[in-house]
Amino acid sequence: MERLKDKVALVTGAAQGLGAAITRRLALEGADVIATDLQLDAVQQLAAELAPASGRQVTALEHDVADLDAWQTVMDVLREQHGKLDILVNNAGIGSIGNVVEETPESWRKVHAVDVDSVFFGCKLAIPLMEQSGPGSIINVSSISGVIAGHNMAAYNSAKAAVTHLSKSIALHCARSGSGIRCNSIHPAFIDTPILDGMGRGAPREVVIDKLSRQIPLGRVGQPDDVAWAVVYLASDESAFVTGTELRIDGGISAQ
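About the criteria used
- Residues numbered from 1 in each chain as written.
- Predicted model: local features only at pLDDT ≥ 70, side-chain atom pairs only at ≥ 80, totals over all residues.
- Heavy atoms only, no water.
- Helix = DSSP H or I, 4+ residues; strand = E, 2+ residues; numbered from the N terminus.
- Buried < 20%, exposed > 50% of the residue type's maximum accessible area, 1.4 Å probe, protein only.
- Contact = heavy atoms within 4.5 Å.
- Areas by Shrake-Rupley, 256 points an atom, 1.4 Å probe, with all protein chains shown as cover.
- Axes fitted to C-alpha atoms, helices over the stretch in contact; angles between N-to-C directions.
- Parallel < 35°, antiparallel > 145°, perpendicular 65-115°, else oblique.
- Left-handed = near helix turned anticlockwise from the far one by under 90°.
- Nonpolar A, V, L, I, M, F, W, Y, C, P; charged D, E, K, R; others polar.
- Expected span 1.5 Å × (residues − 1).
- Phe/Tyr/Trp six-rings, centres within 6.5 Å; stacked < 30°, edge-to-face > 60°.
- Core = buried A, V, L, I, M, F, W, Y, C linked by side-chain atoms within 4.5 Å.
- Salt bridge = Lys/Arg side-chain N within 4 Å of Asp/Glu carboxyl O.
- Pairing = 2+ DSSP bridges.
- Right-handed = clockwise from strand over helix to strand, strands pointing away.

Focus on the overall build of the protein chain
Consideration 1: Of the regular secondary structure elements, the protein chain holds seven helices and seven strands.
Consideration 2: Viewed in the frame of its principal axes, the protein chain has a C-alpha envelope of about 45 × 40 × 35 Å.
Consideration 3: When burial is assessed residue by residue, the protein chain has 51% of its 256 residues classed as buried.
Consideration 4: Look at the contacts in the protein chain between residues 6 or more apart in sequence, and 73% of them connect residues 24 or more apart.
Consideration 5: Accessible area for the protein chain stands at about 11700 Å²; split by element, carbon and sulfur atoms hold 53% of it.

Examining the packing of helix α1 (residues 17-28) against helix α2 (residues 40-54)
Consideration 1: Their axes nearest at 9 Å, the elements α1 and α2 cross at an angle of 25°. As judged from the angle between their axes, α1 and α2 are roughly parallel. Our pair here, α1 against α2, has a crossing hand that is right-handed. Within the contact between the two elements, α1 uses A20, T23, R24, A27 and L28 and α2 uses L46, L50, A53 and S54.
Consideration 2: For the contact of α1 with α2, the residue count by class is six nonpolar, two polar and one charged.

Considering α1
Consideration 1: Compared with an ideal rise of 1.5 Å per residue, which puts 12 residues at 16 Å, α1 spans 17 Å between its outermost C-alpha atoms and is within 8% of the ideal.
Consideration 2: Among the residues of α1, those classed as buried are L18, G19, A20, A21, I22, T23, L26 and A27.

A few points about the packing of aromatic side chains
Consideration 1: By the definition in use, this model includes one aromatic pair.
Consideration 2: Between F120 and F121 the ring centres are 5.7 Å apart and the planes differ by 45°, which places this aromatic pair in the tilted class.
Consideration 3: Accessibility expressed as a relative area gives 13% for F121, which makes it buried.

As for the nonpolar core
Consideration 1: Core analysis: the largest hydrophobic core is formed by 33 residues, its most contacted members being L10, W71, M75, L78, L85, L88 and I138.
Consideration 2: Apart from residues no more than four positions distant in its own chain, I138 is found in contact with L88, N90, C123, I127, M130, I170, I181, R182, C183 and N184.
Consideration 3: Core analysis: the next-biggest nonpolar cluster, separate from the first, contains 32 residues, L26, V232, A235 and I249 among them.

A closer look at the pattern of salt bridges
Proximity of charged atoms lets side chains of opposite charge pair with each other.
Consideration 1: With the rule as written, the count across this model stands at 12 salt bridges.
Consideration 2: The closest approach of N and O atoms between D86 and K84, which form a salt bridge, is 3.1 Å.
Consideration 3: Under the relative-accessibility criterion, K84 is labelled partly exposed at 24%.
Consideration 4: The network of salt bridges with shared partners includes D6, D32 and R56.

Concerning unusual backbone geometry
Consideration 1: Its identity as a non-glycine residue notwithstanding, D6 has a phi of 70°, on the positive side.
Consideration 2: The residue D6 is located in the segment before β1 (8-11) in this model.

Remarks on helix α7 (residues 224-235)
Consideration 1: Across its 12 residues, α7 extends 17 Å between first and last C-alpha, which sits within 8% of the 16 Å expected from 1.5 Å per residue.
Consideration 2: The set of residues buried in α7 consists of P224, V227, A228, A230, V231, V232, L234 and A235.
Consideration 3: Here the buried face of α7 lies against α1, β4 (87-90), β5 (137-141), β6 (182-188) and β7 (246-249).

Some words on the sheet that holds β5
Consideration 1: Reading across from one edge, β3-β2-β1-β4-β5-β6-β7 is the order of the seven strands in this open sheet, with parallel pairing throughout. If you trace the sheet from one side to the other, it starts and ends with β3 (58-62) and β7, each paired once. Within this sheet the neighbouring strands show an average axis-to-axis angle of 15°, counted without direction.
Consideration 2: Here β1 pairs with strand β2 (residues 32-37) via four bridges, running parallel. When the bridges of β2 are listed, V8 appears paired with D32.
Consideration 3: Here helix α3 (residues 68-81) sits on the sheet in contact with β1, β2, β3 and β4, set at roughly 160° to β1.
Consideration 4: The strands touched by helix α5 (residues 154-177) within the sheet are β5, β6 and β7, with β6 carrying the most contacts at an inclination of about 160°.

Here's the deal with the environment of V33
Consideration 1: Within the secondary structure, V33 is located in strand β2.
Consideration 2: With relative accessibility at 0%, the residue V33 sits in the buried group.
Consideration 3: Other than its neighbours up to four places away in sequence, V33 contacts A9, V11, T23, L26, A27, Q57, V58 and T59.

Concerning the pairing of β3
The side chains of a regular strand alternate between both faces of the sheet.
Consideration 1: By the criterion of burial, β3 is predominantly enclosed, with four of the five residues buried.
Consideration 2: Pairing of β2 with β3 involves five bridges; the strand directions are parallel. Within β3, the position partnered with T36 by the bridge is L61.
Consideration 3: Considered for its hand, the β-α-β crossover made up of β2, α2 and β3 is right-handed.

Geometric values such as these leave the question of function open.
Structure representation (structure tokens):
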């Protein structure tokens, strides 16, 4: 229960789905967590429930991850409240359905701003703070869509693939600097979160999940904790020799 005892973590996109599950697991494993999201009410509710359950400090902040100034504000809060940062989880992201012809320039730019620019901003500002307090771990949430392309996911495929390679570049930079900071990307396949609601084009949710499950060798979609436990491992000292890698949490779909 204390794999992350006394560490300080920042999780973006924490209001629901993967972000909420990751925040919960990090706190229950002993970390103080800054949980951020555009949906302030939802992330405040999560913090109010989780702080007494975990006995840790859980702080909710409103945060537009595509805004560099907003990132600076979050870093200022971290410095004031904790004076350090050990774990950064760049989880916030959005998707878009559309092939290269159908995708609009506006949607293309928005997906890349939220899914890629946010990772650049977060790492750019977090690394100097991490360096002040010793070894740290950055976990960037990519997707199996950053490995396996789809004909109708041009913007999302591009953005998540960019997160993968950016993570490797960050890992190599941190290794060369001798900071002790590690950086890895994780690649979930279909996970049972609200994001699945937009994949059915009007079909009932159970029909969508059944269809997606048939594509997974393990025969089911993932659960949020399947991803959250992977984040706990990468955030902990158990993964001290793991950096610059892609952890695929995909039920075997990429092995086919």
